[in-house]
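# Overview (structure and organization)
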Amino acid sequence: NAGVTQTPKFRILKIGQSMTLQCTQDMNHNYMYWYRQDPGMGLKLIYYSVGAGITDKGEVPNGYNVSRSTTEDFPLRLELAAPSQTSVYFCASRSASSTDTQYFGPGTRLTVL
Amino acid sequence: EDKVVQSPLSLVVHEGDTVTLNCSYEVTNFRSLLWYKQEKKAPTFLFMLTSSGIEKKSGRLSSILDKKELFSILNITATQTGDSAVYLCAAGGTSYGKLTFGQGTILTVHP
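Scope of this entry: the structure provided in the associated data block. Because the structure is a prediction, the values reported are computed rather than measured. (Residues numbered from 1 in each chain as written. Chains lettered and ligands numbered in written order. Predicted model: local features only at pLDDT ≥ 70, side-chain atom pairs only at ≥ 80, totals over all residues. Heavy atoms only, no water.)

## So, the interface of chain A and chain B
Keep this limit in mind: Any two residues whose heavy atoms approach within 4.5 Å at even a single point are treated as in contact. For any pair of parts, buried area is found by adding up, for both, the accessible area (1.4 Å probe) each one loses once the two are put together. Whenever Lys or Arg places a side-chain nitrogen within 4 Å of a carboxyl oxygen from Asp or Glu, that contact is recorded as a salt bridge. The definition of a polar contact used here is a pair of N or O atoms within 3.5 Å, where within protein one atom must be able to donate a hydrogen and the other to accept one, and adjacent residues in sequence count solely through side-chain atom pairs. Note that Gly is not counted as nonpolar here; it falls among the polar residues with everything else outside the nonpolar set of Ala, Val, Leu, Ile, Met, Phe, Trp, Tyr, Cys and Pro and the charged set of Asp, Glu, Lys and Arg.
Facing 20 residues of chain A, the contacting portion of chain B comprises 21 residues. The contact between chain A and chain B buries some 1,600 Å² in all, and 59% of this surface belongs to carbon and sulfur atoms. At the junction of chain A and chain B, the tally comes to 0 salt bridges. Where chain A packs against chain B, one counts 2 residue pairs in polar contact (both at pLDDT 80 or more). For the side of chain A that touches chain B, the class distribution of residues is 11 nonpolar, 7 polar and 2 charged.

Shown next, in the form of structure tokens:
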């Protein structure tokens, strides 16, 4: 199992550009999450999904959109990138039948200039 | 609003020292308290605690939860330079397994 994979690893965007951060898990987990981590801070939840076709906002959803068309994939879309979106983005997943333990992908470091 | 607060925010010790990291939480319908270690990449899972007073151990690391006082501690004995990392505490409620994270404690272990 590859676990949770994310692409790209790094990206630089100009203000106003858009992009999609990809997240895939091969553990057949129902629940998936997107977090952002700013320097020196903990993780803040952007969006989450409890299964294909079902998504909901987390703590900091503004400026982002998600979709969940399959169990495996949970892409995060940034529209009209702003410098405030410069951060490290982590995707995580967990099984609906297990504990709260979430397993994290390697992260995407995004810089908006 | 759910909240998790960790202390200290940073800690510098020498190899062989013992450290205690603190985590307090206020989470609606609390279910679990998790500790993660982050070394410049993705957080890796250390412990999950759901019951008060029961210590969980893994090698030199141990953790315990106090549900009455709403806090947890993570102990690391005989620290090594490889323990240098950010230690994240997170609390889970019953809402779809969402975790609320603390800001992390940066531990630096000098040789």
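## A closer look at the packing of aromatic side chains
For the record, the criterion: Only Phe, Tyr and Trp rings take part, Trp by its six-membered ring, and two of them pair if their centres are within 6.5 Å. Stacked means planes under 30 degrees apart, edge-to-face means over 60, and tilted covers everything else. Here a strand is any run of E in DSSP of at least two residues, a helix any run of H or I of at least four, and the numbering for each starts at the N terminus. Relative accessibility under 20% of the residue-type maximum defines a buried residue, over 50% an exposed one, and the middle range a partly exposed one, all with a 1.4 Å probe and only protein chains included. Sitting over a ring, as applied to charges here, requires NZ of Lys or CZ of Arg to be within 6 Å of the ring centre and within 35 degrees of the ring normal.
Here the structure, examined in full by the defined rule, presents 11 aromatic pairs over all chains. On the numbers, 6.4 Å between centres and 25° between planes, the contact of Tyr33(A) with Tyr48(A) is stacked. Placement of the pair is Tyr33(A) in strand β4 (residues 31–37) and Tyr48(A) in strand β5 (residues 43–51), with a sequence separation of 15 residues. The exposure class of Tyr33(A) is buried, given its relative accessible area of 0%. Relative to Phe101(B), the ring of Phe104(A) lies with its centre 6.2 Å away and its plane at 75°, an arrangement referred to as edge-to-face. Of this pair, Phe104(A) sits in strand β10 (residues 103–104) while Phe101(B) sits in strand β10 (residues 99–101), which puts the two residues in different chains. Taken individually, Phe104(A) and Phe101(B) each receive the classification buried, so the pair is uniform in this respect. Taken together through their ring pairs, the aromatic side chains of Tyr33(A), Tyr35(A), Tyr48(A), Phe90(A), Phe104(A), Tyr36(B), Phe45(B) and Phe101(B) make up a single cluster. Note that Arg68(A) overlies the ring of Phe74(A), its terminal NZ or CZ placed 6.0 Å from the centroid.

## Thoughts on the layout of surface pockets
The line we're drawing: Residues are said to line a cavity or pocket when one of their atoms sits within 4 Å of a point; the points come from a 1 Å grid over protein atoms alone, cavities being sets where a 1.4 Å probe fits but cannot get out and pockets being open sets with protein on both sides within 12 Å along at least five of seven lines. Grid points are joined across faces, edges and corners, and a volume is the space filled by probe spheres set on the points.
Computed from the structure, the largest pocket encloses a volume of approximately 620 Å³. Along the wall of the largest pocket there are 27 residues; nearest its centre are Gln37(A), Val88(A), Arg109(A), Gln38(B) and Lys40(B). The set of elements that each furnish at least two residues to the lining of the largest pocket consists of β9 (87–94) and β11 (108–112) of chain A together with β11 (105–110) of chain B. Sort the elements by how many residues they give to the lining of the largest pocket and β11(A) lands first, with 4 residues.

Keep in mind these numbers describe shape, not what the thing actually does.
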